[in-house]
Structure formats: C-alpha cells, structure tokens
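Below, each chain spelled out in residue letters.
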Amino acid sequence: MKQVYFLTPFPGMVKTVVSESILGRAEKKELVQFHTKNLFDFADPPHYRIDDYPFGGGAGMVLKPEPVFRAYDEVISELPENSDSRVIFPTPDGKVFDHDAALNLSRCQNLIFINGHYKGVDQRIRDELVTDEISIGDYVLTGGELPALVILDAAVRLIPGVLNSYESAESDSFAGELLDCPHYTRPESFRNLDSPPVLLSGNHKEIENWKKKQSEEKTKIRRPDLWKKYNKLEDGIKNYE
Ligand code: ADE
C-alpha cells in the first residue's frame with residue numbers, strides 16, 4: 001500500500017480533502033494510506049515558532065528547518081527500511097506538473113509532501129530532504145497544501161484499482177495527445193437542448209469518428225502546442241504505414 005505523508009502547519013486542510021470522494025475511497029480500499037504531521041508539534045517551546053525572519057533581510061517569513069527535519073525523521077522511522085520515497089515540495093519555482101509526472105508518482109511507493117507557507121522554506125530543507133520541486137502552474141497560491149493535494153489527486157487516480165474502470169483514466173485528456181471530447185447522458189433532450197444524434201445511433205464506428213473529430217477541433221483551438229505534437233505523431237504513423 002502506498003503511504004502518503006503531509007508535513008504541514010494546517011493538517012485540517014489536508015484531512016478533509018483526503019477523506020472524501022475518490023481519495024477517501026482509495027484509502028478504504030487499502031490502496032493508499034494518508035498521514036499528516038503537524039509542524040507545530042515539532043517546534044521548540046516556549047513559543048513553538050515554525051517560521052522566522054530571513055537572513056540578509058527581505059520581505060516575508062521563512063519556514064524554519066528544525067520542525068521540518070524532525071517531522072521528516074519521524075516519517076522515515078514509520079516507513080519500512082529502504083522503501084522507495086519521493087519528497088515533494090510544491091513551489092511556484094518548481095518543474096511544471098503534467099500527466100507524465102503524475103504517472104511517475106503513482107508508481108512510487110511512498111510520497112512525502114512538505115508544505116511551505118510564508119515567503120519560502122529554509123534552503124537546507126530543499127537541499128537535504130526534497131527530491132522533487134513541483135509547480136502546478138504560473139500563478140502563486142498562499143500555501144503548499146492546495147498544490148500538494150492537486151498533485152496527489154492526479155497521481156492517486158492513476159493507481160490501478162483506484163478508479164472503477166482504469167480505462168476511464170486512459171481516455172482522459174493528456175493520457176493521449178488530444179483533449180477529451182464532449183460527453184452527454186440522459187435525458188436525450190433537456191430544455192430543448194438535444195444530445196448529438198450520432199451518439200444514440202448505435203453505430204460504433206461513426207461514434208468513434210465523431211469523438212475523434214470533436215477532440216481534434218477542441219485541441220486545435222485551445223492547445224496549438226498539443227495540436228502540433230499530435231500532427232507530427234499522426235504523420236509519423238502515416239509514414240510508417
Ligand atoms: N505554492 C504556491 N504557489 C504554487 C504553485 N503555483 N505551484 C506549486 N506550489 C505553489
């Protein structure tokens with residue numbers, strides 16, 4: 001079973017998310033187990049501070065090394081010896097996250113997320129503990145919990161057995177080269193809005209063609225970068241044939 005740890009000053013933020021929906025179900029199925037370590041529990045008395053002023057001056061506070069190193073040591077003591085662990089630090093200056101990175105993490109035994117707040121974390125944490133510095137996009141959030149949960153969610157749903165039909169993850173946008181096509185369900189007509197008749201035709205070949213065309217149109221308009229890549233790939237297949 002995959003073990004996932006969050007080192008965070010706000011464990012409540014994490015607990016509510018991982019106990020619900022597909023992540024919660026994955027834990028009940030014993031495919032993954034979630035743990036939180038509250039960084040304040042590893043801070044020194046009497047003030048239990050986990051942040052401090054940056055050396056050299058500048059705006060914002062920096063997460064102190066001691067609580068993070070201590071919490072990390074406790075996590076390592078709870079994990080089986082020599083098990084494969086990745087230590088993830090979500091940060092806007094990290095490598096941008098994508099489907100391949102999610103797949104890679106889904107295949108890893110243990111995940112440990114270090115969640116920074118404040119201006120940043122003491123660089124020694126990044127140098128000594130962190131294996132992966134990951135950004136979820138070019139914008140800045142107030143803390144590491146939300147990006148950590150985004151990364152976790154994307155990885156956990158790719159663990160075989162987490163989704164009811166593994167196939168449904170395989171047909172997602174980015175698993176292939178094209179964006180996903182539109183989907184419809186009952187009722188066939190709703191407030192005068194009809195579902196595309198082809199989807200109700202029972203003609204599987206036509207349905208597949210329609211879905212592919214829709215995906216292609218959407219990709220062409222929204223993601224010229226993916227569209228270019230897809231065309232190169234298709235040309236490659238055509239040349240090979
Ligand atoms: N922390 C704050 N903003 C972030 C982002 N965009 N990605 C990852 N971690 C972050």
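Notes on the structure follow. (Residues numbered from 1 in each chain as written. Predicted model: local features only at pLDDT ≥ 70, side-chain atom pairs only at ≥ 80, totals over all residues. Heavy atoms only, no water.)

Attention now moves to the packing of helix α1 (residues 11-18) against helix α6 (residues 145-156). One can describe the packing of α1 onto α6 by two numbers: an axis separation of 10 Å at closest approach and a directional angle of 25 degrees. The angle between α1 and α6 places the two elements in the roughly parallel class. Classified by chirality, the crossing of α6 by α1 is right-handed. Here Met 13, Val 14, Val 17 and Val 18 of α1 lie close against α6, whose contacting residues are Glu 145, Leu 146, Leu 149 and Leu 152. Within the contact of α1 with α6, the residues separate by chemical class into 7 nonpolar, no polar and 1 charged. (Axes fitted to C-alpha atoms, helices over the stretch in contact; angles between N-to-C directions. Helix = DSSP H or I, 4+ residues; strand = E, 2+ residues; numbered from the N terminus. Parallel < 35°, antiparallel > 145°, perpendicular 65-115°, else oblique. Left-handed = near helix turned anticlockwise from the far one by under 90°. Contact = heavy atoms within 4.5 Å. Nonpolar A, V, L, I, M, F, W, Y, C, P; charged D, E, K, R; others polar.)

Here we take up unusual backbone geometry. Here the amide bond leading from Pro 45 into Pro 46 is cis, since omega sits at 5 degrees, within 30 degrees of zero. Tracing the backbone through its elements, the reader meets Pro 46 in the loop between β2 (32-38) and β3 (51-52). Cis geometry is found at the peptide bond from Arg 186 to Pro 187, where omega equals 5 degrees. Here the phi dihedral of Tyr 48 falls at roughly 50 degrees; this positive angle occurs in a residue that is not glycine. With respect to the secondary-structure elements, Tyr 48 resides in the loop between β2 and β3.

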